[in-house]
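The primary structure of each chain is shown beneath.
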Amino acid sequence: QVDLVESGGGSVQAGGSLRLSCVTSGSIYSSYCMGWFRQAPGKEREEIAAVYTGGGDPYYADSVKGRFTISQDNAKNTLYLQMNNLKLEDTAMYYCAADGGGPKERMVVIQALGAKMCGSSDFHYWGQGTQVTVSS
């Protein structure tokens, strides 16, 4: 079991910035993939960023690429999402997620190809969500 606790959401004007944090109950390395998702009312859940916890290139959805940055602090067991130049369409509930590890063969694949291999169906543990509201 991986417990995830999120914080950092709030209300911000368009063009502003927020930094989301996600503290996990154990080591970051207990998962291969960690990521951030969001869901707006009436829309499907969207994977916006992911990392392989062992390093390598992060994954970003086209909708946030160049504006959002995912990072990790292994010593603090914390995942971050820095959100800059926020837009009205970024308004959503944001969730931190972790896959909880798996077979070593999968780790090797992710290590070789990067966090783009961390698909939405691979994430099994979720935080409570934190609301981000962007206004004009």
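Quick caveat: nothing in here was measured; it's all calculated off a predicted structure. (Residues numbered from 1 in each chain as written. Predicted model: local features only at pLDDT ≥ 70, side-chain atom pairs only at ≥ 80, totals over all residues. Heavy atoms only, no water.)

Colleague: Where do I start with the environment of Lys 65 in this structure?
Modeller: Among the secondary structure elements, Lys 65 is positioned in the loop between strand E6 (59-60) and strand E7 (68-73). Residues Lys 65 and Leu 86, spaced 21 residues apart in sequence, show a C-alpha to C-alpha distance of 12 Å. For Lys 65, the side chain forms a polar contact with the side chain of Asp 62, separated by 3.3 Å. (Helix = DSSP H or I, 4+ residues; strand = E, 2+ residues; numbered from the N terminus. Polar contact = N/O pair within 3.5 Å; in protein donor to acceptor, adjacent residues only side chain to side chain.)

Colleague: Explanation requested: the sheet that holds strand E1 (residues 4-7) in the structure shown.
Modeller: Backbone-to-backbone hydrogen bonds pair the strands of a sheet. The strands run either parallel or antiparallel. In space, the four strands of this open sheet follow the order E1-E3-E8-E7, with antiparallel pairing throughout. The two strands at the open ends of the sheet, each matched to only one other strand, are E1 and E7. Adjacent strand axes in the sheet meet at a mean angle of 15° when their direction is disregarded. One ladder, built from six bridges, connects E7 with strand E8 (residues 78-83); its direction is antiparallel. Bridge pairing links Asp 73 to Thr 78 in E8. (Pairing = 2+ DSSP bridges. Axes fitted to C-alpha atoms, helices over the stretch in contact; angles between N-to-C directions.)

Colleague: How should the pairing of strand E4 (residues 33-39) be read in this particular structure?
Modeller: It is a general feature of regular strands that their side chains alternate between the two faces of the sheet. Within E4, six of the seven residues are buried, leaving the element largely enclosed by the surrounding structure. Here six bridges tie E4 to strand E5 (residues 46-52), and the two strands are oriented antiparallel to one another. Note on E5: the bridge partner recorded for Phe 37 is Glu 47. Between the antiparallel neighbours E4 and E5 lie six residues, among them Gly 42 with a positive phi of about 80°. (Buried < 20%, exposed > 50% of the residue type's maximum accessible area, 1.4 Å probe, protein only.)

Just geometry here; none of it tells us what the structure is for.
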